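Fold and geometry: a report
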Amino acid sequence: MTTAIYPGSFDPVTNGHIDIVNRAAVLFDKVIICVYDVPMKHLMFDTKERVALMKKAVAHLRNVQVTPYNGLTVDFARKMKAKVIVRGLRMSSDFEREFEMALMNKKLDPDVELVCLMTSLEYQFISSSLLKEACELGGDITSLVPGHVAIALKKKFSARKANSVVRNATIRKSY
Ligand code: ADP
């Protein structure tokens, strides 16, 4: 039985990520999506939210699990008894980064292999950061993410907007 892990920040999960998971689920007996538990301040969604959004997005896949993780990816792979790390590749900049990480991971644990799946053409331009930017500026991102993620994004941005209105009003009052 071959287990693979698919690590990432997934802030939030996009249709590009789902495409990679769908394809990995066919290639491997078990796929564990590992949501990186990095400090919340750099991310829009906290770890619990990112895990919940991902779980809902892959609920149709029986051999896929979702879990948070921190520390070295190769250590987590070993802990999960996974022989493979799956990553998605979009453009040449992804390749350079993945290549460097793969060499480092190979040094840290020569038994874990990296398998990179090329993005499908229609998802080539999707990145979590770009879609957050587009959404914040009022762009329609509904075809780029699962429905529940689009709703979560809109909620986050309207909460932010409401907070900044309150903050500005408080600042004005204090003058
Ligand atoms: P990280 O911070 O680890 O790069 P991301 O959530 O941005 O986390 O990406 C996780 C993985 O999914 C990475 O391997 C990334 O290259 C891949 N990925 C991101 N967007 C896409 C996409 N549109 N198509 C294919 N793979 C993607």
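Scroll up for the structure.
Just so it is clear, the structure is predicted and the values come from calculations on it, not from any experiment.

Looking only at helices and strands, one finds six helices and five strands in the chain. When the helices and strands of the chain are read in sequence order from the N terminus, they spell out β-α-β-α-β-α-β-α-β-α-α. Taking contacts inside the chain between residues at least 6 apart in sequence as the whole, the part at least 24 apart equals 76%. Each charge class in the chain can be summarised by its mean position, and for the 26 positive and 18 negative side chains these summaries are 9 Å apart.

With that out of the way, let us pick up the side chain of Arg-50. Relative to the helices and strands, Arg-50 resides in helix 2 (residues 47-57). No salt bridge is formed by the buried Arg-50; its nearest oppositely charged neighbour, Asp-11, is found at 4.4 Å. Arg-50 has contacts with Ser-9, Phe-10, Asp-11, Val-35, Tyr-36, Asp-37, Val-38, Leu-43 and Phe-45, leaving out every residue within four places of it along the chain.

Quick look at the site of the ligand now. Taken together, 17 residues sit near the ligand, with Tyr-6, Ser-9, Phe-10, Gly-88 and Tyr-123 positioned nearest. In this structure, an oxygen atom belonging to the ligand sits 2.8 Å away from a main-chain N or O atom of Phe-10. At a separation of 3.0 Å, a nitrogen atom of the ligand approaches a polar side-chain atom of Thr-119. Calculation on the ligand without its partners gives an accessible area of 550 Å², and the protein chains cover 89% of this total.

Turning to helix 5 (residues 128-136), a few remarks are in order. Listing the buried residues of helix 5 in full gives Ser-128, Leu-131, Lys-132 and Cys-135. All buried residues of helix 5 project into a common sector of 105° when viewed along the axis, lining one side. Where helix 5 ends, the next residue or the one after it, Gly-138, has phi of about 95°, a positive value.

Once that is clear, we can look at the nonpolar core. Note on soluble globular proteins: their nonpolar side chains tend to be buried together. Tyr-6, Ile-33, Val-58, Val-64, Val-86, Ile-141 and Leu-153 are the most contacted members of the largest nonpolar core, which has 37 residues in total. Broken down by secondary-structure element, the contributors of at least two residues to this core are strand 1 (3-8), helix 1 (15-27), strand 2 (30-36), helix 2, strand 3 (64-69), strand 4 (84-89), helix 5 and helix 6 (147-174). Not counting chain neighbours up to four residues away, the residues in contact with Val-58 comprise Ile-18, Val-21, Ile-33, Val-64 and Val-66. Ile-32, Cys-34, Val-74 and Val-112 belong to the second-largest nonpolar core, a separate cluster that totals 10 residues.

What follows covers unusual backbone geometry. With glycine set apart, most residues show a phi of negative sign, and most peptide bonds adopt trans. A cis amide bond, omega 0°, links Asp-11 with the succeeding residue Pro-12. Relative to the elements of secondary structure, Pro-12 occurs in the loop between strand 1 and helix 1. Despite not being glycine, Phe-10 shows a phi value in the positive range, around 50°. Within the fold, Phe-10 resides in the loop between strand 1 and helix 1. Of note, the phi angle at Lys-81 is positive, near 60°, even though the residue is not glycine. Mapping Lys-81 onto the fold places it in the loop between helix 3 (73-79) and strand 4. On the basis of relative accessibility, which here comes to 69%, the residue Lys-81 falls in the exposed class.

Reading the values: rules and limits
Residues numbered from 1 in each chain as written. Predicted model: local features only at pLDDT ≥ 70, side-chain atom pairs only at ≥ 80, totals over all residues. Heavy atoms only, no water. Helix = DSSP H or I, 4+ residues; strand = E, 2+ residues; numbered from the N terminus. Contact = heavy atoms within 4.5 Å. Lys, Arg positive; Asp, Glu negative; His and termini not counted. Charge placed at Lys NZ, Arg CZ, Asp CG, Glu CD. Buried < 20%, exposed > 50% of the residue type's maximum accessible area, 1.4 Å probe, protein only. Salt bridge = Lys/Arg side-chain N within 4 Å of Asp/Glu carboxyl O. Near = heavy atom within 4 Å. Polar contact = N/O pair within 3.5 Å; in protein donor to acceptor, adjacent residues only side chain to side chain. Areas by Shrake-Rupley, 256 points an atom, 1.4 Å probe, with all protein chains shown as cover. Arc of directions from axis to C-beta. Core = buried A, V, L, I, M, F, W, Y, C linked by side-chain atoms within 4.5 Å.

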